[in-house]
Amino acid sequence: MGKQTQTRTQVKTAAEPAAASAFSAWLRRQREGMGLSPAELARRLDPAAPPVESFEAGAVRPSRAQAETLADLFSVPPDQRTAFVLFATTDLDTDDDAPPDAPWVVRVRPPSNLPLQLTSFVGREGEVDRVASMLARPDVRLLTLLGPPGIGKTRLSLEVAHMLLDAAPGEEDTARRHSYEDGIFFVPLASVTDYALVPSAVATTLNLKLTANQPPMDALRDFLDGKDMLLVLDNFEQIVGAGTAVADLLSVCPNVQVMVSSRVALHVYGEQVYRVPPMLLPGKEVKVTPESLAEWEAVDLFLQRVRLVRHDFTLDEQTAPVVAEIVRRLDGLPLAIELAAARARVLTPRGILERLDDRLKLLVGGADNVPARQRTLRGAIDWSYDLLDETEARLFRRLSVFVGGCSLSAAERMAEDDDPSGARAGRDALDLIASLVDKSLLKEESGPGGENRLLMLETLREYGLERLRAAGEEAEMRRRHALLMTDLAEAAEPHLTSAARDPWMARLDADLDNIRAALSWSLSDVGDAGVGLRLAGALGWYWEHKGHFAEGWRWLHDVIASVDDTDRSSVRGRALYALGMLAEERGDIDTARNALEESVGIFSVSGETRLYAYSLLVLCRVTANLSDLSTREMAAQAVDTLRALDDKWGLAHGLEVVASMDYVLGDMASARARDLESLALYKELGDKWYTAYMLRELGVHALNVGDLAQACAHLDEAVALSQEIGFHFNLGLALFAYGLVHYTTGEYALAEGSFQQAVALFEALGDRGRVGVLTRHVAYVACRRNRLDRALALLKEAAAIIQGTGRTWHIALTVMATGSVAAALGDWRLAARALGATLAVFEDGVNETNAVADDIAEYIDLYNGAKAKLSSEEFARLSAEEPVSLDHALTEVLALVTASRTVSSNRQDAKLDANLGSYPAGLSKREVELLRLVALGLTNFEVAARLFLSPNTVRAHLYSIYNKIDVTSRTAAAHFAVEHGLA
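Residues numbered from 1 in each chain as written. Predicted model: local features only at pLDDT ≥ 70, side-chain atom pairs only at ≥ 80, totals over all residues. Heavy atoms only, no water.

**Focus: the overall build of the protein**
A tally of helices and strands in the protein yields 47 helices and eight strands. Buried residues in the protein amount to 50% of all 983 residues. Excluding contacts between residues fewer than 6 apart, the proportion of contacts in the protein whose partners are at least 24 apart in sequence is 69%. In the form shown here, the protein has an accessible surface area of approximately 43500 Å², with 53% of it arising from carbon and sulfur atoms. (Helix = DSSP H or I, 4+ residues; strand = E, 2+ residues; numbered from the N terminus. Buried < 20%, exposed > 50% of the residue type's maximum accessible area, 1.4 Å probe, protein only. Contact = heavy atoms within 4.5 Å. Areas by Shrake-Rupley, 256 points an atom, 1.4 Å probe, with all protein chains shown as cover.)

Spelled out as structure tokens, the structure:
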């Protein structure tokens, strides 16, 4: 007897005692569900039958007649009775996925030719469910999975098809129109180039015999009529003209459903489109750790495919950020990720990442058993590019110059045809753009102002740039791109100094990457510095509003340096004005003054009154000797000019500048009146940004004159409004001012909290200069709280940021702050030396232009303390030592104070060691060491770090100490240490 082929329904051997378990368990459930006892069921079944308990124990099977009776008792449907009797009387197995209330039901899988996959399907559960849900809808007859090359359309369609093939019908599927009982069939069409051959290709897949006297389409209709079937048509883009035939077929075969994978929509009646997205990948904002990456589909795919060639690969702290960046650079495209992972045979992840600048060259070498177009990324994109006509291909190449996408109007401008041959043949720009979207080479998304933006995957963009260079079009398209960005910036510029800035800021934000690319091109050997000057000069207020002072300053500095310095054009004047404004914000006063003086000179000759007034206002603020009324009068004249021009926004801006001068000159009434007039104008204009700005300014000015209640009232409003509108730069400055309020009132913990919040905001804005300044202020707080180790660490951090910037005042103030730590250590000679390094800078006194409340307080305390502690001769000698440079002085003083702190700590240790064995209250040496650090103001974490303990151990020691010395707080413990000479 030959070997019999096994099926899903297999005969079990008598040696298997659990053969009746499915029936016995079902019988018990049904009996109990009807509330019958075994005896009651036996009476209804057959008085001569074995006890029901023997059936439920699996010891005995019912007879055929008894099984028929059970079918009647438990209402088994007539069409299932034969299967039920076999189930009850024999030891045939059941399907694992059979319904629990009808385990005898055997589901017959529909016929299929779906190819099995040799690698696992990774992630994308959401896409599988969404596509399957669409196919379950009665109104979906034709579903197209649409996407760019390498996005994984074929693999997704196969995964959905396999899931539908394996799905067991149940109550949850009652809404489904299709059971696909006649089969699910996969039809590969990549090799078909004539759309008239599609019916024959489908017929061949279905093993349909064609005759010479009947067209293939007619034969296919006849065969499929009445069939309940799903056809998966793969790679349809090159034969999209066959879409009409597919639609015709569906119109006469109501139970046939079609799922198509294509890079191009079919555009036939009834087609539903599902755009296949890239795999989920970690954004730049995600904190990358081996654990956090585990949830991302793109990373999971990369790891699984890498481990096919390097079984020992693991994700750790070093490789996790590299892998995250790889999948980002590859746009989450499954094909690109798989090809990159294959390179792990010879490259580390870092090696793969470093070569992704030329990803089309790197991503080759796919498996031999996949189509040729899937063996290289370039091959996959070639397949799509070759389907374009010349006009579509030209626009695709041109749009590749955009970084991060472009507006629809910009794309239309790039489509303008300067080809004298007239090759566009009448196709308008919108038609071309729509065609590229349909072919999955562009993606649409909503942009600012309701205008759509067009995005191109970076992988496609790199390919497009290659083609652009090969066509000899790159130079002209780069110029056209830069001029587009310049037109945008110049159109936005007048609105940026108005309440209507928000929509224009949003448009500039959307094209920021394009603006940067255009500026980079303008500074290149093949670029046009004149275009760069126009573009950078128009963006001054954009950088100002964003708080991106360093970036704006860098672009302006470079483009101005690259053009003829004898140029006296208005374009140069605008760029110089913008440079001066941003240089002032950065504290680069020399650059600001020089740029603004030249800008004022240009506008005074050109007669551009408004720009002259704007430039003059900033110049007055930068160069003013604040005791000189003439500078203040020049600013007042600029204000009068703007009032005459009826430029309300400029007038509000000018009033604020003059008010700042009045505050310093001591004319408080005039200053406040101008500030309030400025605030009223901003409110009248509906300018929330500068309303928030003026509220913060009023708060700072109230703080500087000691009106803390008024300061808090204004700052409360400023913080609330800045949070509402997302004005993070102003919010950071308002929190800075709040910290100064708390510092002034001695609420040092609150002051530190406000300063640290401001630090976080400026870190996010990339404003390292203000981070350095704020870090110095946190150090002031630490010094006041006697946390000298923390103060020193913070000052070193501030110095690392500020040194080398040329910002004289901030370097000097950091030297002075270091002197304050020396004073706290009792080293007044070193404190005086720190003062000496800064006295030349402070010779005109510390004023609000360069320092704020805690700077002033620290300066006064340090100066008075040193004079009181040292003799006049010693103070004069030490404070007269001039440093080689402030940067050098800061390094030197920090080193000396650090050494002094170490000596102080060693002396305390020696003092404790000398008293060993005589500690009060039975304290141990370790407890005394810990108590001394607590008295110095260190936190548990800082104490733990100093003593090489864990914070939990420190906490346990503190409980013991508090118990021994009978105190309940750190303050009381510190007092005890001082009183007993332990600190």
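Having put the structure on the table, let's press on.
**Some points on the sheet that holds strand β8 (residues 452-455)**
The strands making up a sheet associate through hydrogen bonds between their backbones, and the pairing can be parallel or antiparallel. Sheet architecture is open: three strands sit in the order β6-β8-β7, paired in antiparallel fashion. Of all strands in the sheet, those with a lone pairing partner are β6 (406-407) and β7 (443-446), marking the two edges. (Pairing = 2+ DSSP bridges.)

**Some thoughts on the packing of aromatic side chains**
How two aromatic rings sit relative to each other is set out by the distance from centre to centre and by the angle between their planes. Scanning all chains against the criterion turns up 16 aromatic pairs. With a centroid separation of 5.4 Å and an interplanar angle of 35°, the aromatic rings of tyrosine 682 and tyrosine 690 are classed as tilted. Pair check on accessibility: tyrosine 682 and tyrosine 690 agree, each one buried. Members of the aromatic cluster, connected to one another through ring pairs, are Trp541, Trp649, Tyr682, Tyr690 and Tyr693. One cation-aromatic arrangement involves lysine 227 over phenylalanine 223; the distance from NZ or CZ to the ring centre is 4.4 Å. In this structure, arginine 586 is placed above the aromatic ring of tryptophan 553, and the distance from its NZ or CZ to the ring centre is 4.5 Å. (Phe/Tyr/Trp six-rings, centres within 6.5 Å; stacked < 30°, edge-to-face > 60°. Lys NZ or Arg CZ within 6 Å of the ring centre and 35° of its normal.)

**Things to note about helix α24 (residues 529-538)**
Think of an α-helix as turning once every 3.6 residues; residues three or four places apart then point the same way. Among the 10 residues of α24, eight are classified as buried, and the element is accordingly described as predominantly covered. Check the buried side of α24 and you find it contacts α21 (474-496), α23 (512-522), α25 (540-546), α26 (549-561) and α27 (570-586). You can read the cap of α24 off the contacts: a side-chain oxygen lies 2.9 Å from the backbone nitrogen of glycine 530, and it is on aspartate 528. (Polar contact = N/O pair within 3.5 Å; in protein donor to acceptor, adjacent residues only side chain to side chain.)

**Points about the sheet that holds strand β1 (residues 142-146)**
An order of β2-β3-β4-β1-β5 is seen for the five strands of this open sheet, with the pairing classed as parallel. The open sheet terminates on both sides in strands that have one partner only, identified here as β2 (184-188) and β5 (271-275). Within this sheet the neighbouring strands show an average axis-to-axis angle of 20°, counted without direction. When β2 meets strand β3 (residues 229-234), the two strands line up parallel, connected through five bridges. Among the inter-strand pairings, phenylalanine 185 is bridged to a residue of β3, identified as leucine 231. This element, helix α10 (residues 243-252), spans β1, β3 and β4 (256-262) of the sheet and lies at about 160° to β4. (Axes fitted to C-alpha atoms, helices over the stretch in contact; angles between N-to-C directions.)

**Focus on the packing of helix α40 (residues 828-838) against helix α42 (residues 872-879)**
Contact geometry for α40 and α42: axes closest at 7 Å, N-to-C directions at 45°. It follows that α40 is oblique to α42 by the angle criterion. Residue-level inspection shows Arg829, Ala832, Arg833, Leu835 and Gly836 of α40 in contact with α42, the latter providing Glu874, Phe875, Arg877, Leu878 and Ser879. Grouping the amino acids of the contact of α40 with α42 by side-chain chemistry returns four nonpolar, two polar and four charged. (Parallel < 35°, antiparallel > 145°, perpendicular 65-115°, else oblique. Nonpolar A, V, L, I, M, F, W, Y, C, P; charged D, E, K, R; others polar.)

**Some remarks on the pattern of salt bridges**
Scanning the model with the defined rule gives 45 salt bridges in all. A salt bridge links glutamate 474 to arginine 469; its shortest N-O distance comes to 3.2 Å. The salt bridge involving glutamate 633 is made with arginine 632; its shortest N-O contact spans 3.2 Å. Among the charged side chains, a network of salt bridges with common partners joins Arg28, Arg31, Glu32 and Glu56. (Salt bridge = Lys/Arg side-chain N within 4 Å of Asp/Glu carboxyl O.)

**Focus: the environment of threonine 69**
Mapping threonine 69 onto the fold places it in helix α4 (residues 64-73). Separated by 24 residues in the primary sequence, threonine 69 and leucine 45 have C-alpha atoms spaced 6.3 Å apart. Beyond its immediate stretch of four places on either side in the chain, threonine 69 contacts Arg44 and Leu45.

**Re the confidence of the model for the protein**
Taken over all residues, the pLDDT of the protein has a mean of 80, while the share at 70 or more is 84%. Below pLDDT 50 for its whole length, residues 1-20 participates in 15 contacts with residues either more than four positions away or in separate chains. Here residues 420-425 is a poorly scored stretch, pLDDT under 50, and it has 10 contacts once near neighbours within four places are set aside; other chains count. (pLDDT = per-residue confidence, 0-100.)

**Re the side chain of serine 670**
Within the fold, serine 670 resides in helix α32 (residues 668-685). In terms of polar contacts, serine 670 uses its side chain to reach the side chain of arginine 674, at 2.4 Å. Setting aside residues up to four positions removed in sequence, serine 670 forms contacts with Arg632 and Asp662.

**Some thoughts on the environment of arginine 31**
Within the secondary structure layout, arginine 31 lies in helix α1 (residues 21-33). Judged by relative accessible area, which is 8%, arginine 31 ranks as buried. As for arginine 31 and phenylalanine 74, which are separated by 43 residues in sequence, their C-alpha atoms are 8.8 Å apart. Each residue touching arginine 31, except ones within four places of it in the same chain, is listed here: Leu36, Ser37, Pro38, Leu41, Val52, Glu56 and Phe74.

**Some details on the nonpolar core**
Phe396, Leu399 and Phe402 are the most contacted members of the largest nonpolar core, which has 165 residues in total. Not counting residues within four places of it along the chain, the set of residues in contact with leucine 399 comprises Cys406, Ala411, Met414, Leu436, Leu442 and Met456. Formed by 54 residues, the second largest nonpolar core is a distinct cluster that contains Met134, Val323, Val327 and Ile337. (Core = buried A, V, L, I, M, F, W, Y, C linked by side-chain atoms within 4.5 Å.)

**Section: helix α31 (residues 648-665)**
Here α31 spans 26 Å end to end across 18 residues, near enough to the 26 Å set by a 1.5 Å rise per residue. Of all 18 residues making up α31, 15 are buried, and the element is well covered by its neighbours. (Expected span 1.5 Å × (residues − 1).)

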